[in-house]
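One letter stands for each residue in the lines below.
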Amino acid sequence: MRLRIFTEPQQGADYDDILAVAQATEKLGFDAFFRSDHFLAMGDQVSGLPGPTDAWTTLAGLARETSRIRLGTLVSSVTYRPPGILAIQVAQVDQMSGGRVELGLGTGWFEREHLAYGIPFPAKRFGMLEEQLEIVTGLWGTPAGETYSFAGEHYTLVDSPALPKPAQARMPVIVGGGGAKRTPAMAARFATEFNLPFPEFADVPGKFAGVRAACEAIGRDPRELVYSTALIAVAGRDEAEFTRRAAAVGREPAELREHGLAGTASELVDRLGALAADGVECAYLQIMDLSDLDHLDFIAREVVPQLD
């Protein structure tokens, strides 16, 4: 199972904080560094200082300051950027990284951040997501020298030169969510990876089965998709260290054990093993305390070797 580090910088981190975590992610051997795409802190326990950072601006910087790890969003919201501009941004960052970028794209959900920064927040956004997925993949897939046009309910593109192109021949696209019909159908049509964010553990096999069925319904081999999940990760060498780290992110130890990757190294290994048996091929470890680089070091030293 591949392990990726997933961060929430809107909770209070500047670029230097994010860079330190990304470089530790690379040094410690993790597969990738991903970040959320949000503009407002969540919850009453954090101030959000010094303020938000833009996801794709951040990833552009990291593209030049790392050399191996994959980089991406989990997930960008369709409300933030028109699809043509998003396609340009992602392709450029992919070029800057030498072909290490992945795009996670979703509908968006946090209305307060839209109000705070004057971003329109339509009540219905699934149609926007479907059209954006078709447009960005269509722009990237248009042969050089040809143009791309699209006419939909939400977006219209006329004779776009469909440039620039990503460095990768096929840009990895992540679609995720717990929906029973529309999300699996979009993943089957457009994605290279289906991500199940913060699921109830008992639901994982059924959700993956729904995506496989959606692939088969359109004649796509379900094995072409990567099946992943995202879960909060809080670990320690003993109960005292685990409890201290849980308190630092404002979570209760029992609740973390029930819903996340939590506890001692052996507990994380057991939980990841069970997820692998349920079909999880890649796990995104949501790390909330970006100042605790020893936490990453502990997982890399004590958990990862036991997964081999």
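Above this text you will find the structure in question.
Attention in this report is confined to the structure presented alongside it. (Residues numbered from 1 in each chain as written. Predicted model: local features only at pLDDT ≥ 70, side-chain atom pairs only at ≥ 80, totals over all residues. Heavy atoms only, no water.)

What about the overall build of the protein?
Line of reasoning, step 1. Helix and strand counts for the protein come out as 11 helices and 12 strands.
Line of reasoning, step 2. Taken over C-alpha atoms, the radius of gyration comes to 19 Å for the protein, in line with the 19 Å a tight globule of 308 residues would show.
Line of reasoning, step 3. Projected onto the principal axes, the alpha-carbon positions of the protein cover approximately 60 × 45 × 40 Å.
Line of reasoning, step 4. Out of the 308 residues in the protein, the part that is buried amounts to 53%.
Line of reasoning, step 5. Taking the contacts inside the protein whose residues are at least 6 apart along the sequence as the reference set, 73% of them involve residues at least 24 apart.
Line of reasoning, step 6. Surface summary for the protein: the accessible area is close to 13,500 Å², and the carbon and sulfur share equals 52%.
Line of reasoning, step 7. A gap of 3 Å separates the mean positions of the 28 positive and 42 negative side-chain charges of the protein. (Helix = DSSP H or I, 4+ residues; strand = E, 2+ residues; numbered from the N terminus. Rg over C-alpha atoms; globule rule 2.2 N^0.38 Å. Buried < 20%, exposed > 50% of the residue type's maximum accessible area, 1.4 Å probe, protein only. Contact = heavy atoms within 4.5 Å. Areas by Shrake-Rupley, 256 points an atom, 1.4 Å probe, with all protein chains shown as cover. Lys, Arg positive; Asp, Glu negative; His and termini not counted. Charge placed at Lys NZ, Arg CZ, Asp CG, Glu CD.)

Regarding the environment of Ala276
Line of reasoning, step 1. Position of Ala276 among the secondary structure elements: in helix H10 (residues 265–277).
Line of reasoning, step 2. You can call Ala276 partly exposed: its relative accessible area is 39%.
Line of reasoning, step 3. For Ala276 and Tyr227, which are 49 residues apart along the polypeptide, the C-alpha to C-alpha distance reads 10.0 Å.

Topic: the packing of aromatic side chains
Line of reasoning, step 1. Applying the stated criterion across every chain, the model contains 6 aromatic pairs.
Line of reasoning, step 2. Here Phe34 and Tyr284 contribute two aromatic rings whose centre-to-centre distance is 5.1 Å and whose plane-to-plane angle is 80°, an arrangement assigned as edge-to-face. Linking Phe34 in strand E2 (residues 32–35) with Tyr284 in strand E12 (residues 282–287), this pair joins segments that are 250 residues apart in sequence. Comparing Phe34 with Tyr284, the two get one shared label, buried.
Line of reasoning, step 3. Among the aromatic residues, those joined into a ring-pair cluster are Phe39, Tyr80 and Tyr117.
Line of reasoning, step 4. Here Arg212 stacks its cationic end above the ring of Tyr227, 4.6 Å away from the centre of that ring. (Phe/Tyr/Trp six-rings, centres within 6.5 Å; stacked < 30°, edge-to-face > 60°. Lys NZ or Arg CZ within 6 Å of the ring centre and 35° of its normal.)

Some details on helix H7 (residues 204–217)
Line of reasoning, step 1. The terminal C-alpha atoms of H7, which comprises 14 residues, lie 20 Å apart, in line with the 20 Å expected from a rise of 1.5 Å per residue.
Line of reasoning, step 2. Within the sequence span of H7, burial applies to Val204, Phe208, Val211, Ala214 and Cys215. With its buried residues spanning 115° around the axis, H7 presents them on a single face. Looking at H7, the residues exposed on the side facing more than 90 degrees away from the buried face are Glu216 and Ala217.
Line of reasoning, step 3. Buried residues along H7 sit in contact with helix H6 (182–190), strand E9 (193–197), strand E10 (226–235) and H10.
Line of reasoning, step 4. Looking one or two residues beyond H7, the residue adopting positive phi is Gly219, at roughly 80°. (Expected span 1.5 Å × (residues − 1). Arc of directions from axis to C-beta.)

Points about unusual backbone geometry
Line of reasoning, step 1. Here the amide bond leading from Leu74 into Val75 is cis, since omega sits at -10°, within 30 degrees of zero.
Line of reasoning, step 2. Turning to its location among the elements, Val75 is positioned in the loop between strand E3 (70–73) and strand E4 (76–77).
Line of reasoning, step 3. Leu163 connects to Pro164 through a cis peptide bond whose omega is 0°.
Line of reasoning, step 4. Within the secondary structure, Pro164 is located in the loop between strand E7 (156–160) and strand E8 (173–176).

Things to note about a negative patch on the surface
Line of reasoning, step 1. Residues Asp14, Asp16, Asp17 and Glu65 make up a contiguous surface patch of negative charge.
Line of reasoning, step 2. Turning to its location among the elements, Asp17 is positioned in helix H1 (residues 15–27). (Patch = residues over 30% accessible without salt bridge, like charges linked within 9 Å, V, L, I, M, F, W, Y side chains within 5 Å. Salt bridge = Lys/Arg side-chain N within 4 Å of Asp/Glu carboxyl O.)

Regarding the side chain of Thr58
Line of reasoning, step 1. Considering the arrangement of structural elements, one finds Thr58 in helix H2 (residues 55–65).
Line of reasoning, step 2. Note on Thr58: relative accessible area 3%, which makes it buried.
Line of reasoning, step 3. Apart from residues no more than four positions distant in its own chain, Thr58 is found in contact with Tyr15, Ile18, Arg35 and Thr53.

Regarding the side chain of Arg220
Line of reasoning, step 1. Secondary-structure assignment places Arg220 in the loop between H7 and E10.
Line of reasoning, step 2. Within the local environment of Arg220, its side chain forms a polar contact with the backbone oxygen of Ala191, the two atoms lying 2.8 Å apart.
Line of reasoning, step 3. Those residues in contact with Arg220 that sit more than four places away from it in its chain are Arg170, Ala187, Ala188, Arg189, Phe190, Ala191, Thr192, Cys215 and Leu225. (Polar contact = N/O pair within 3.5 Å; in protein donor to acceptor, adjacent residues only side chain to side chain.)

A closer look at the pattern of salt bridges
Line of reasoning, step 1. Across all of its chains, the model carries 20 salt bridges by this definition.
Line of reasoning, step 2. A salt bridge links Arg4 to Glu102; the shortest N-O distance between them is 2.9 Å. Highlighted residues: Arg4 in strand E1 (residues 2–7) and Glu102 in strand E5 (residues 101–106), separated in sequence by 98 residues. As far as burial versus exposure is concerned, Arg4 and Glu102 are alike and both buried.
Line of reasoning, step 3. Three or more residues joined by partner-sharing salt bridges are found here, namely Arg2, Arg4, Asp31, Arg70, Glu102 and Glu193.

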